[in-house]
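This is what each chain is made of:
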Amino acid sequence: MLSNLLGHLVDSCSLFEQHCQFCGQRPAPHGVCQCCLPALPYQITARCPQCHAQVNSGHAPCGDCQQLRPAFDRLLAAYDYDYPLDGLIARCKYGPQPALQGALAGLMRTLLQRHPALPVPDLIIPVPLAAARLAARGFNLPDALADALAVTMRAPLARDLCWRKRNTVPQAGLDRTERLANLRDAFGVKHRCDGLFIAIVDDVASTGATLHALSKTLKKAGAKRVEAWVLAKAHFRHT
Ligand SMILES: [Zn+2]
Ligand SMILES: [Zn+2]
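One structure accompanies this document, and this report is about it. On a predicted model such as this, the values are computed, not experimentally measured, just so you know. (Residues numbered from 1 in each chain as written. Chains lettered and ligands numbered in written order. Predicted model: local features only at pLDDT ≥ 70, side-chain atom pairs only at ≥ 80, totals over all residues. Heavy atoms only, no water.)

**Details of the coordination of the zinc ion (ligand 2)**
Binding of the zinc ion (ligand 2) to the protein goes through C48 (SG), C51 (SG), C62 (SG) and C65 (SG), at separations of 2.3 Å. Each of the four donor atoms around the zinc ion (ligand 2) contributes to a set of angles spanning 105 to 115°, which defines the coordination as tetrahedral. Taken in sequence order, the residues that donate to the zinc ion (ligand 2) follow the motif C-x2-C-x10-C-x2-C. Of this pair, C48 sits in the loop between α1 (2-12) and α2 (63-67) while C62 is found in the loop between α1 and α2, placing the two residues 14 residues apart along the sequence. Accessibility expressed as a relative area gives 11% for C62, which makes it buried. (Donors = N, O, S within 2.8 Å, 3.2 Å for Na, K, Ca; no water. Tetrahedral: all angles 85-135°; square planar, octahedral: opposite > 155°, others 65-115°. Helix = DSSP H or I, 4+ residues; strand = E, 2+ residues; numbered from the N terminus. Buried < 20%, exposed > 50% of the residue type's maximum accessible area, 1.4 Å probe, protein only.)

**A word on the pairing of strand β1 (residues 74-80)**
Most of β1 sits inside the fold, with six of its seven residues counted as buried. As paired strands, β1 and strand β6 (residues 225-233) are joined by six bridges and run parallel to one another. From the neighbouring strand, D80 faces β6, where its bridge partner is K233. (Pairing = 2+ DSSP bridges.)

**Notes on the sheet that holds β6**
In spatial order, the strands read β1-β6-β5-β2; together these four strands make up an open sheet with parallel pairing. Each of the sheet's edge strands pairs with one partner strand only, and the pair in question is β1 and β2 (123-126). Between one strand and the next, the sheet's axes are offset by a mean angle of 20°, whatever the strand orientation. In the sheet, β2 pairs with strand β5 (residues 197-205) via four bridges, with the strands oriented parallel. In the sheet register, P126 faces β5, and the bridge partner there is V201. Along the sheet face, helix α4 (residues 98-108) touches β1, β5 and β6 and points at about 125° away from the line of β6. Here helix α7 (residues 141-153) sits on the sheet in contact with β2, β5 and β6, set at roughly 135° to β5. (Axes fitted to C-alpha atoms, helices over the stretch in contact; angles between N-to-C directions. Contact = heavy atoms within 4.5 Å.)

**Some thoughts on the coordination of the zinc ion (ligand 1)**
Surrounding the zinc ion (ligand 1) are the protein donor atoms C20 (SG), C23 (SG), C33 (SG) and C36 (SG), which sit 2.3 to 2.4 Å from the metal. Viewed at the metal, the four donor atoms of the zinc ion (ligand 1) are separated by angles of 103 to 114°, and the geometry they form is tetrahedral. Counting residues between consecutive donors of the zinc ion (ligand 1) along the chain gives the motif C-x2-C-x9-C-x2-C. Of the two residues, C20 is situated in the loop between α1 and α2 and C33 in the loop between α1 and α2; the sequence distance between them amounts to 13 residues. C33 gets classed as buried once you look at its relative accessible area, which sits at 3%.

The structure is reproduced here in structure tokens:
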């Protein structure tokens, strides 16, 4: 009774009203208002069945995947990395912002609406940051995204199973080959994952090099299937 009353009081108090993270104008209890939600970027188009890149025909893997098969079995994305989502994800890198992180975690669940028959994995693993970078930033957005999926899917979250061994050079500005070299042997795994279906979760996939590197580590540790689930897939075209 008392908690109901308190809840009602909190709901009706404008002090606690959260505004939309995108437009900043309309109230949005989950962080994104009803006008901004349908306007978020996602092209309905053919996708590479392995890396989710936009392609002309979605039956065969794209040129990149044929050239170098990613270690993950497939990548799925809730959105495309475009305006205005790109700016909000970038803003998250500057420090903890619980309301924004919460809104992005809510958007991660769109992946489950796009793929209603998605099998429940044995483990969900957020892509880890190196310890020094995590300490500097204070949080890791993929943790919040993975947590939202784990709760919704009722799948176990394994936040500490993997770690990033070293502080790799920031990936921006490197081409795909350089990115792969930069990430070689970048991840460690604490124990065997024999026969497991693992979903790894990240905020943005551009070339997929990070997800490839982590997937490779997990496959070496015995994982049977690794899928990469991301909030946003960047259009990254190679020549
Ligand atoms: Zn809005
Ligand atoms: Zn591909």
